[in-house]
Structure formats: C-alpha cells, structure tokens
Amino acid sequence: MNPDILLVVLIIIGIVGRSPLIATAASFLLILKLIHLDRYFPALERRGLEFGLLFLTLSVLIPFASGRINTKDILMVFTSTPGILALLGGALATYMNGKGLDLLKVDPQLIVGLVIGSIFGILFMRGIPVGPLMAAGITAFFLQILKFIFR
C-alpha cells in the first residue's frame, strides 16, 4: 500500500475514532513526506519516544514545580490506602510501560495492531487513548502468559 494513502487513512481513522493524537501525528508525517523532509524519519524514529516521554514527564511534574502539591499531600500518599494503592499502581504502570517499550524496540510492526486496537477500544468500548506504551506493555504481558502456558 502507498505510504501516503496509509497516512491519509490513519488521519481519517484518527478523526473518526476521536483520537487527535493519531490524526495529528499522521498529518505531521504526511506533511514531512510531501515537503521531502522524510530524510528525518530515522532521527524521529530513534529519538521520538524519548522526546515524547520527556514532555509527558514534564507535564506530570508541573504540579510539584507550581506548588500545587504540598508536604501534606505527599504524606497522605504514604499513609492512606488509596495513596499506597496509587504508589503500587504507578510503579506497576511504569514497569509495564518499560516492557512495552522493550517490545516495540524488538518488534516495531506491532504498532499497527496497537493503533488499530486502540481505535477499536475508542469506538466500541468508549475508551480513552493513552498511548502505545501501555498497550504494548499489556501486549508484552499477554505474550509472557502465552509463553508460560505453551512452553
């Protein structure tokens, strides 16, 4: 399939599936391709996840930098059941995201299934797209279960 047509299809799917990130990313790549800047694709592929994670981490840390989170809030995390569960959930999520990143580095073509699965989840399960890393982490978990079962 022509890569330009595939990008247009992804833009349409992103719009229909209410995923502006997919539509924007596909549009950006299509523009780069049409103005013959696709020579930067390898650099984007190599460093794109790192920059994305940097900006995601910055956005998560802003409440600390702006002073919206104080010492009392931090102490509540360590002394309440919801806070302790949030610590465990955060640790597990970041672990799963790391496994997802490892999986995408080894098997990058899985991103097609992750994107289509995310769109399916948005359209039919009223889900919210949070990105490919968590989806890849869950996929890595499923693959480990299959390896364990069918050893």
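Residues numbered from 1 in each chain as written. Predicted model: local features only at pLDDT ≥ 70, side-chain atom pairs only at ≥ 80, totals over all residues. Heavy atoms only, no water.

## Side note on helix 4 (residues 71–79)
Okay, so step 1: Counting buried positions along helix 4 gives 0 out of 9 residues, so the element sits mostly on the surface.
Okay, so step 2: The N-terminus of helix 4 is capped by Asn70, whose side-chain oxygen sits 3.1 Å from the backbone nitrogen of Lys72. (Buried < 20%, exposed > 50% of the residue type's maximum accessible area, 1.4 Å probe, protein only. Helix = DSSP H or I, 4+ residues; strand = E, 2+ residues; numbered from the N terminus. Polar contact = N/O pair within 3.5 Å; in protein donor to acceptor, adjacent residues only side chain to side chain.)

## Some points on the pattern of salt bridges
Okay, so step 1: Per the stated rule, a full pass over the model turns up 2 salt bridges.
Okay, so step 2: Across the pair Lys33 and Asp4 runs a salt bridge whose closest N-O atoms are separated by 3.6 Å. One end of the pair, Lys33, is in helix 2 (residues 20–34); the other, Asp4, is in helix 1 (residues 3–16), with 29 residues separating them in the sequence.
Okay, so step 3: We classify Asp4 as partly exposed; its relative accessible area is 25%.
Okay, so step 4: A salt bridge links Glu50 to Arg47; the nearest nitrogen and oxygen atoms lie 3.0 Å apart. Of this pair, Glu50 and Arg47 both sit in helix 3 (residues 41–66), separated by 3 residues, roughly a single helical turn.
Okay, so step 5: The partly exposed category is assigned to Glu50, whose relative accessible area is 46%.
Okay, so step 6: The exposure class assigned to Arg47 is partly exposed, which follows from its relative accessible area of 42%. (Salt bridge = Lys/Arg side-chain N within 4 Å of Asp/Glu carboxyl O.)

## Regarding helix 7 (residues 132–149)
Okay, so step 1: Taking 1.5 Å per residue as the helical rise, helix 7 with its 18 residues ought to reach 26 Å, and the 25 Å between its terminal C-alpha atoms agrees with that figure.
Okay, so step 2: Those residues of helix 7 not exposed but buried are Leu133, Ala135, Ala136, Gly137 and Ala140. (Expected span 1.5 Å × (residues − 1).)

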